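# Structure at a glance
Single-letter residue listing:
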Amino acid sequence: AGVILVTTKRATDGISQFEYNGDYGVQSPTALPSQVDAVRYLELFNEFFTNDGANAPYTADYIKNYASNNLSNPDLFPNTNWQKAVLKNGAPRQNRNVSFTIGTPKLKTIATLGYSNADGLYVNKSFERYTVRVNNDMKINRFLDANFDLSYINSSYLSPAGESTARDRNPFYTARNLPPIYKDRFSDGRWGTGKEGINALAQLEDGGQDRENNHLLSARLGFKITPVKGLLVTGIVSPRFDFTKLKQFSKVIEFTDLSDPTRVIYRNQANTTLNEGRTESFTLNGQLLANYSKTIGSSHNVDILAGYEENYNKLEAVAASRGEFILTDFPYLSVGSLALRDNSGNATEYALRSVFGRVQYNFKSRYYLQANLRRDGSSRFHPDYRWALFPSLALGWTISEEPFLNSGRSTYYLKLRGSWGQVGNERIGNYPYQSSISFSNALFYQGTNKVSVTTGAQSSYAIPNISWETSESIDLGVDLGLFNDRLNASLDIYKKKTRDILLQLDIPRFLGYA
């Protein structure tokens, strides 16, 4: 696993300023695949059938006269460029940022306001975001520094209904796959029937919308204490609140006959539906570190670190839906049918706690020793199997620093190193040691009457003694630098062995878990 460090701007002592940054641009579709017109499509379609030994579905006269018929009756003889019908020529995007900075010996503050907006390359597609951030650095006294950061982000996403979940609702897919012989819109303004009711343009404009709105509020309180020379104590508390609101309003589109507008031929779906969801999440990270560094004489360098870290997350989600909306421009649950209502909810909770230490020693930057020890506990395992210990050890020898090889004008670097260590993994879902009960409705006979009863059954196989996966590795390496580090090379030989691997496996259905 890798680590991503995110840093933000900090204020500087003695500087007060106002800053504005903005940009505006337009994005346009480029390098689009070329598509044949209706006549060429009909010729290739006939070729496809004849190559298979079947009769060509279109006659030569029909193909020959298609272009002229299209000019006189484009509704009956379409020549639709679906990419051109769906995609815009350009979509604007912009970014605006304003920041205020003030710096004094005791307090340094920077406040930033930001706004971003981007339209999509087709209708009902956009993104909008507002950001507020305040970073404060405080000098309490000569022993104590503190910082307090606060951030709020509000982001909104708009997309056509079902774009991310159904392939035939994705405008790029349908625009590139719909043949040109199907009509997008009739000359009287009605939607063309497309291909058996699949009409990319109609789905974009009248098929409904998916809206997602996210609120992220986060804070970070940290401190640094230097009670004595060489000792640094740091602490961080960082809470984060996530609130997500999702509204998916998928509307019925009726496609009517070209010659009889009262006759519905196709519908894109059975009825208009609304799905709404709300998710709340709270995450907390806390760290406490004590680091002591000391040089004894001029040769011995010692660095000792002790730390504690805790991560906690709790999530709750609810969802509700209804169908058969009579008012298709009023996306609220109360308007839908009571007969087609549904709701659900779930919650998860997770915690990880770690205690760790490290000792580093080197003699004249020539001989190196590092020893690490950490003890981790995860809520994903039973309390009897929750904790595990992971040690590691590393040695190094910088040969090029040896007096008998270093005349003071050395232009090369040579180091031998070796290490052994163990690391753990606990990513196997939240509750693998507990049995899960799933509830559903089933029909039972009470005499001659059928009655719906709520039933429950164990749906997951519990493994009470499941615990940490452990990876153990041994590494031997050489680092080489030549010509004042203008040329560098490293060589490693390692052996890694993982035991107690956490892996989701299929359980035979005859056990009764599904």
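Before reading on, note that the structure itself is shown above.
Figured I'd write up the structure that's included with this text.

### Thoughts on the pairing of strand β4 (residues 126-139)
Two faces, one strand: in a regular strand the side chains alternate between the faces of the sheet. Inspection of the sheet shows strand β3 (residues 107-119) paired to β4 by 13 bridges, in the antiparallel sense. Within the sheet, the bridge partner assigned to A118 lies in β4 and is F127. Count of turn residues in the β3/β4 antiparallel hairpin: 6 residues, of which N124 carries a positive phi of about 60°. In the sheet, β4 pairs with strand β5 (residues 144-160) via 14 bridges, with the strands oriented antiparallel. The residue bridging K139 from the neighbouring strand is D145, located in β5.

### Notes on the layout of surface pockets
Volume-wise, the second largest pocket comes out at about 700 Å³. Lining of the second largest pocket is provided by 27 residues; of these, R374, D376, V423, G424 and W468 occupy positions nearest its centre. Within the residue set of the lining of the second largest pocket, elements represented by two or more residues are β11 (300-323), β12 (337-363), β13 (367-378), β14 (387-398), β15 (413-425) and β18 (469-482). Partitioning the lining of the second largest pocket into residue classes produces 9 nonpolar, 10 polar and 8 charged.

### Comments concerning helix α1 (residues 38-51)
With 14 residues, α1 should cover 20 Å at 1.5 Å per step; its first-to-last C-alpha distance of 20 Å lies within 8% of that length. Every buried residue of α1 is listed here: A38, Y41, L42 and N46. Down the axis of α1, the smallest arc covering the buried residues is 135°, so these residues share one side. Exposed residues lying more than 90 degrees from the buried face of α1 are F48 and N51. Looking at the buried residues of α1, the elements they touch are α2 (60-64) and α3 (66-72). One or two steps after α1, the chain reaches G53, where phi turns positive at roughly 80°.

### Describing unusual backbone geometry
Here the phi dihedral of N124 falls at roughly 60°; this positive angle occurs in a residue that is not glycine. Along the polypeptide, N124 turns up in the loop between β3 and β4. Here the phi dihedral of E196 falls at roughly 55°; this positive angle occurs in a residue that is not glycine. Looking at where E196 falls in the secondary structure, it is placed in the loop between α5 (171-177) and α6 (200-206). What makes E196 exposed here is its relative accessible area of 61%.

### Brief notes about the packing of aromatic side chains
In total, this model carries 19 aromatic pairs according to the counting rule given. Between F45 and F49, the aromatic rings sit 5.1 Å apart at their centres with planes inclined by 55°, giving tilted as the arrangement. Remark: F49 and F45 occur in helix α1; sequence separation between them is 4 residues, near one turn of the helix. Looking at F49, the relative accessible area reads 28%, which means it is partly exposed. Taken together, a centroid distance of 5.0 Å and an interplanar angle of 40° make the contact between F241 and F282 tilted. With F241 in strand β7 (residues 231-250) and F282 in strand β10 (residues 273-296), this pair connects stretches of sequence that are 41 residues apart. For F282, a relative accessible area of 24% gives the class partly exposed. Among the aromatic residues, ring-to-ring pairing joins Y41, F45, F48, F49, Y58, Y62, Y66 and F77 into one connected group. The cationic tip of R380 hangs over the ring face of Y350; the distance from NZ or CZ to the ring centre is 4.1 Å. The ring of Y368 carries the charged tip of K415 above its face, separated from the ring centre by 4.3 Å.

### Side note on the pattern of salt bridges
Should their charged atoms come close, side chains of opposite charge can pair. Tallied over the full model, the rule gives 21 salt bridges. A salt bridge links K125 to E163; the shortest N-O distance between them is 3.0 Å. You can see K125 sitting in the loop between β3 and β4 and its partner E163 sitting in the loop between β5 and α5, a full 38 residues away along the chain. Assessed through its relative accessible area of 28%, K125 is described here as partly exposed. A relative accessible area of 11% places E163 in the buried class. One salt bridge connects R366 with E402, and the closest N-O pair in it is separated by 3.8 Å. Of this pair, R366 sits in the loop between β12 and β13 while E402 sits in the loop between β14 and β15, placing them 36 residues apart in sequence. Just as R366 is buried, E402 falls in that class too. Taken together, the shared-partner salt bridges connect R417, D475, D479 and D492 into one network.

### So, the side chain of D75
If you trace the backbone, D75 turns up in the loop between α3 and α4 (82-86). Within the structure, the side chain of D75 is placed 2.7 Å from the side chain of S187, a separation counted as a polar contact. Discounting chain neighbours no more than four positions away, the residues touching D75 are K183, R185, F186, S187 and L258.

### Looking at the pairing of strand β17 (residues 449-458)
Pairing geometry for strand β16 (residues 437-446) and β17, over 10 bridges, is antiparallel. Within β17, the residue paired with Q446 across the bridge is N449. In this structure, the hairpin formed by β16 and β17 is closed by a connection of 2 residues, where G447 is found at a positive phi of approximately 70°.

### Examining a nonpolar patch on the surface
A surface patch of nonpolar side chains, amounting to about 560 Å² of accessible area, comprises F148, L150, L217, L221, V237, F241 and F243. Examining the composition of the nonpolar patch, we find that 3 residues originate from one element, β7, more than from any other. Exposure remark for L150: the relative accessible area of 39% places this residue in the partly exposed category.

### Remarks on the environment of G323
Checked against the element boundaries, G323 lands in strand β11. Remark: the alpha-carbon pair of G323 and Q83, spanning 240 residues in sequence, is separated by 32 Å. Look past the residues within four positions of G323 in its chain and what remains in contact with it is N271, T272, T273, G336, S337 and L340.

Cut-offs applied
Residues numbered from 1 in each chain as written. Predicted model: local features only at pLDDT ≥ 70, side-chain atom pairs only at ≥ 80, totals over all residues. Heavy atoms only, no water. Pairing = 2+ DSSP bridges. Helix = DSSP H or I, 4+ residues; strand = E, 2+ residues; numbered from the N terminus. 1 Å grid on protein atoms, 1.4 Å probe; cavity = no way out; pocket = protein on both sides within 12 Å on 5 of 7 lines; lining within 4 Å. Points joined across faces, edges and corners; volume = space filled by probe spheres on them. Nonpolar A, V, L, I, M, F, W, Y, C, P; charged D, E, K, R; others polar. Expected span 1.5 Å × (residues − 1). Buried < 20%, exposed > 50% of the residue type's maximum accessible area, 1.4 Å probe, protein only. Arc of directions from axis to C-beta. Contact = heavy atoms within 4.5 Å. Phe/Tyr/Trp six-rings, centres within 6.5 Å; stacked < 30°, edge-to-face > 60°. Lys NZ or Arg CZ within 6 Å of the ring centre and 35° of its normal. Salt bridge = Lys/Arg side-chain N within 4 Å of Asp/Glu carboxyl O. Polar contact = N/O pair within 3.5 Å; in protein donor to acceptor, adjacent residues only side chain to side chain. Patch = residues over 30% accessible without salt bridge, like charges linked within 9 Å, V, L, I, M, F, W, Y side chains within 5 Å. Areas by Shrake-Rupley, 256 points an atom, 1.4 Å probe, with all protein chains shown as cover.

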